[in-house]
Amino acid sequence: MLAAAGITVVAASGGREALQRLARGRFDLILLDVWMPRLSGLDVLERLGKWKAQPKVIMITSDDTPATLLKATRHHAHYFVKKPIEARSLVALVKRVLRSGLPPAIEVVSARPDWVEVIAPCTRAAARRVQAVVAHMDAGLEPDVRDSVGSAFRELLLNAVEWGGKLDPNRKVRIAYLRARRMLMYRIADPGRGFSPDALQHAAVGQTDPLAHVDVREARGLRPGGFGLMMVRESADELLYNERRNEVVFVKYLDQQG
């Protein structure tokens, strides 16, 4: 199917053979299985990180544990696909990745299960990748709590890259995920100047009329919405900002999570 689409495919039976083939030619994209004989996909990925010219990498595995996902992110895997994956979906992903640019790297500062910390470019693509990692960390929560805190994290992260970072890939946002037995905490610091609550006429939070911001957003040409911070406040047990309000801490207590 890929050959018919004008894409040349070269296969390797294991990690060592993959590195040998990569050393002999130029490749635009690699599909790496985490579990391979002789040398794992993660080991191959780590060695590729030392090469000057690095192809795009899609990791494919049934092991989507946070540890594996974080290690793949640390060594600059660009996409992560969980098995099983339908053939047509994989072909579509390959075509999409080949057409796209190389995504900016995400720096993994800490990869402990109870303390994950990353530094990411201020782009929506990087935000989606970080969100995918955090979603795996939250997988053990009760479904309603997982959905609630996941939506809150997404809103806070997008606010950081869109408003604080101005969607500038040269600017960075720092994200920390801390997990204790009875507490979950997100900490997000953006490179912006912060904001004043009095200047949020485009958001529903803090308004006497929860729909008053709709006209403001329409007049400014903003996309429909504005309920994000209100939703975040409803989800959080504690929501703390620093003085400049360019860093936020979201706390959820897990006393009823067992």
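Residues numbered from 1 in each chain as written. Predicted model: local features only at pLDDT ≥ 70, side-chain atom pairs only at ≥ 80, totals over all residues. Heavy atoms only, no water.

A.B. asks: So what exactly am I meant to see when it comes to a positive patch on the surface here?
C.D. replies: Taken together, the side chains of Arg16, Arg38, Arg47 and Lys50 present a region of like positive charge at the surface. Looking at where Arg38 falls in the secondary structure, it is placed in the loop between strand 1 (29-33) and helix 2 (41-48). (Patch = residues over 30% accessible without salt bridge, like charges linked within 9 Å, V, L, I, M, F, W, Y side chains within 5 Å. Areas by Shrake-Rupley, 256 points an atom, 1.4 Å probe, with all protein chains shown as cover. Salt bridge = Lys/Arg side-chain N within 4 Å of Asp/Glu carboxyl O. Lys, Arg positive; Asp, Glu negative; His and termini not counted. Charge placed at Lys NZ, Arg CZ, Asp CG, Glu CD. Helix = DSSP H or I, 4+ residues; strand = E, 2+ residues; numbered from the N terminus.)

A.B. asks: What exactly am I supposed to notice about helix 2 here?
C.D. replies: An α-helical turn contains 3.6 residues, so a residue and the one three or four places further along point in the same direction. For helix 2, the full list of buried residues reads Gly41, Leu42, Val44, Leu45 and Leu48. Seen from one end, helix 2 has its buried residues packed into an arc of 160 degrees, which puts them on one side. Residues of helix 2 that are buried make contact with helix 1 (15-24), strand 1, strand 2 (56-61) and helix 3 (66-74). (Buried < 20%, exposed > 50% of the residue type's maximum accessible area, 1.4 Å probe, protein only. Arc of directions from axis to C-beta. Contact = heavy atoms within 4.5 Å.)

A.B. asks: Can you help me understand the nonpolar core in this one?
C.D. replies: Within soluble globular proteins, side chains that are nonpolar generally end up buried alongside one another. The biggest cluster of nonpolar side chains holds 36 residues, and the ones touching the most others in it are Val130, Leu157, Val173, Ile175 and Ile188. Counting residues per element, this core draws most heavily on helix 6 (residues 143-164), which supplies nine residues. If sequence neighbours within four positions are ignored, Val173 has contacts with Val118, Ile119, Ala120, Pro121, Cys122, Leu157, Ala160, Val161, Ile188, Ala189 and Asp190. By size, the runner-up hydrophobic cluster in this structure holds 15 residues, among which are Leu19, Leu32, Met36 and Leu39. (Core = buried A, V, L, I, M, F, W, Y, C linked by side-chain atoms within 4.5 Å.)

A.B. asks: What exactly am I supposed to notice about the sheet that holds strand 9 (residues 247-253) here?
C.D. replies: Sheet strands pair by backbone hydrogen bonding; their relative direction is either parallel or antiparallel. Ordered in space as 4-5-6-7-9-8, the six strands form an open sheet in which the pairing is antiparallel. Where the open sheet ends on each side, the last strands, each with one partner, are strand 4 (107-112) and strand 8 (238-241). Recorded for the sheet is a direction-independent mean angle of 10 degrees between the axes of neighbouring strands. Judged from the five bridges that link them, strand 4 and strand 5 (residues 115-121) form a sheet pairing that is antiparallel. Bridge pairing links Arg112 to Trp115 in strand 5. In the packing of helix 6 onto the sheet, contacts are made with strand 5, strand 6 (172-180), strand 7 (183-189), strand 8 and strand 9, and the angle to strand 7 comes to roughly 10 degrees. (Pairing = 2+ DSSP bridges. Axes fitted to C-alpha atoms, helices over the stretch in contact; angles between N-to-C directions.)

A.B. asks: Please clarify how the side chain of Asp138 should be interpreted in this entry.
C.D. replies: Mapped onto the secondary structure, Asp138 falls in the loop between helix 5 (124-137) and helix 6. Of the buried charged residues, Asp138 lacks a salt bridge, with Arg179 as the closest side chain of opposite charge at 4.6 Å. Discounting residues that sit within four places of it in the chain, Asp138 has contacts with Arg146, Val149, Tyr177, Leu184 and Tyr186.

A.B. asks: Hey, could you run me through the environment of Trp35 in this one?
C.D. replies: Relative to the elements of secondary structure, Trp35 occurs in the loop between strand 1 and helix 2. Judged by relative accessible area, which is 57%, Trp35 ranks as exposed. For Trp35, the residues in contact, after removing those within four places along its chain, are Thr61 and Asp63.

A.B. asks: Help me understand the packing of helix 1 against helix 2 in this model?
C.D. replies: For any two helices packed against each other, the geometry comes down to the angle between their axes and how far apart the axes lie. Contact pair helix 1 / helix 2: the axes reach a minimum separation of 9 Å and the direction vectors enclose 30 degrees. Judged by the angle between their axes, helix 1 and helix 2 are roughly parallel. You can see that helix 1 and helix 2 cross each other, and the crossing is right-handed. For the pair formed by helix 1 and helix 2, the contact residues are Gly15, Arg16, Leu19 and Leu22 on the first element and Val44, Arg47 and Leu48 on the second. Grouping the amino acids of the contact of helix 1 with helix 2 by side-chain chemistry returns four nonpolar, one polar and two charged. (Parallel < 35°, antiparallel > 145°, perpendicular 65-115°, else oblique. Left-handed = near helix turned anticlockwise from the far one by under 90°. Nonpolar A, V, L, I, M, F, W, Y, C, P; charged D, E, K, R; others polar.)

A.B. asks: Looking at this structure, how should I read unusual backbone geometry?
C.D. replies: Excluding glycine, most residues fall at negative phi; most peptide bonds, likewise, are trans. Of note, the bond from Lys83 into Pro84 is cis; its omega dihedral lies within 30 degrees of zero at -10 degrees. Tracing the backbone through its elements, the reader meets Pro84 in the loop between strand 3 (79-82) and helix 4 (87-99). Positive phi outside glycine occurs at Arg245, with the angle close to 65 degrees. Tracing the backbone through its elements, the reader meets Arg245 in the loop between strand 8 and strand 9.

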